[in-house]
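Letter by letter, the chains look like this.
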Amino acid sequence: MKVNVQTHHVTINEDSRKDITGKFDKIASHYPSLISCDIIITKEHNQHAVEIFTNYEGVRVSAKAEEDIMYPAVSAAIKKLEAGLRNRKGQLKADKHEKPTSTKPEIASDIVQEMKLV
């Protein structure tokens, strides 16, 4: 999985960049169909904001977290992304199962017509 890290008003070195991309190894193993992930790290008013975007099975999944320190913000955003991906994966699995069909009409007028009152 390709991880694109962008920063605004923050400078990170190569070791930090490798550490951040290394946190996505677990996500890449659980969701092999993910191709890329975009991370935007910004710092405004002594708050680090981390936004993560990815596409999973045709739906854009995103997560955002804010903390005073950058690494806890990255960890929180990754946890939120994992929850969003897990939710989407559950939706896809639920769509594969057959839905129960109702044999009874749900409209009151149809029920009255079935009763054949004269």
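Residues numbered from 1 in each chain as written. Predicted model: local features only at pLDDT ≥ 70, side-chain atom pairs only at ≥ 80, totals over all residues. Heavy atoms only, no water.

> Could you give me a rundown of the overall build of the protein, with the residues and numbers involved?
Of the regular secondary structure elements, the protein holds four helices and four strands. Shown N-terminal to C-terminal, the secondary structure of the protein runs as helices and strands in the order β-α-α-β-β-β-α-α. Sorting the 118 residues of the protein into buried and exposed places 29% on the buried side. In the protein, once contacts between residues fewer than 6 apart in sequence are set aside, the share between residues at least 24 apart is 49%. (Helix = DSSP H or I, 4+ residues; strand = E, 2+ residues; numbered from the N terminus. Buried < 20%, exposed > 50% of the residue type's maximum accessible area, 1.4 Å probe, protein only. Contact = heavy atoms within 4.5 Å.)

> A description of the environment of Ser29 should follow, citing residues and the corresponding values.
With respect to the helices, strands and loops of the structure, Ser29 is situated in helix α2 (residues 25–30). Along the primary structure Ser29 and Met1 are separated by 28 residues, whereas in three dimensions their C-alpha atoms are 9.4 Å apart.

> Just give me the short version of the nonpolar core, but keep the residues and values in it.
Counting residues in each nonpolar core, the largest one holds 25 residues, and the members touching the most others are Phe24, Ile39, Ile41, Ile52 and Leu81. Sorting the residues of this core by element identifies β1 (2–8), β2 (36–44), β3 (47–56), β4 (59–67) and α3 (70–96) as the ones contributing at least two each. When neighbours within four sequence positions are excluded, Phe24 is seen to be in contact with Met1, Val3, Cys37, Ile39, Ile52, Ile78 and Leu81. (Core = buried A, V, L, I, M, F, W, Y, C linked by side-chain atoms within 4.5 Å.)

> Describe the pairing of β4, naming the residues involved and giving the relevant values.
Pairing of β3 with β4, which is carried by nine bridges, proceeds in the antiparallel orientation. For Thr54, the partnering residue across the bridge sits in β4 and is Val61. (Pairing = 2+ DSSP bridges.)

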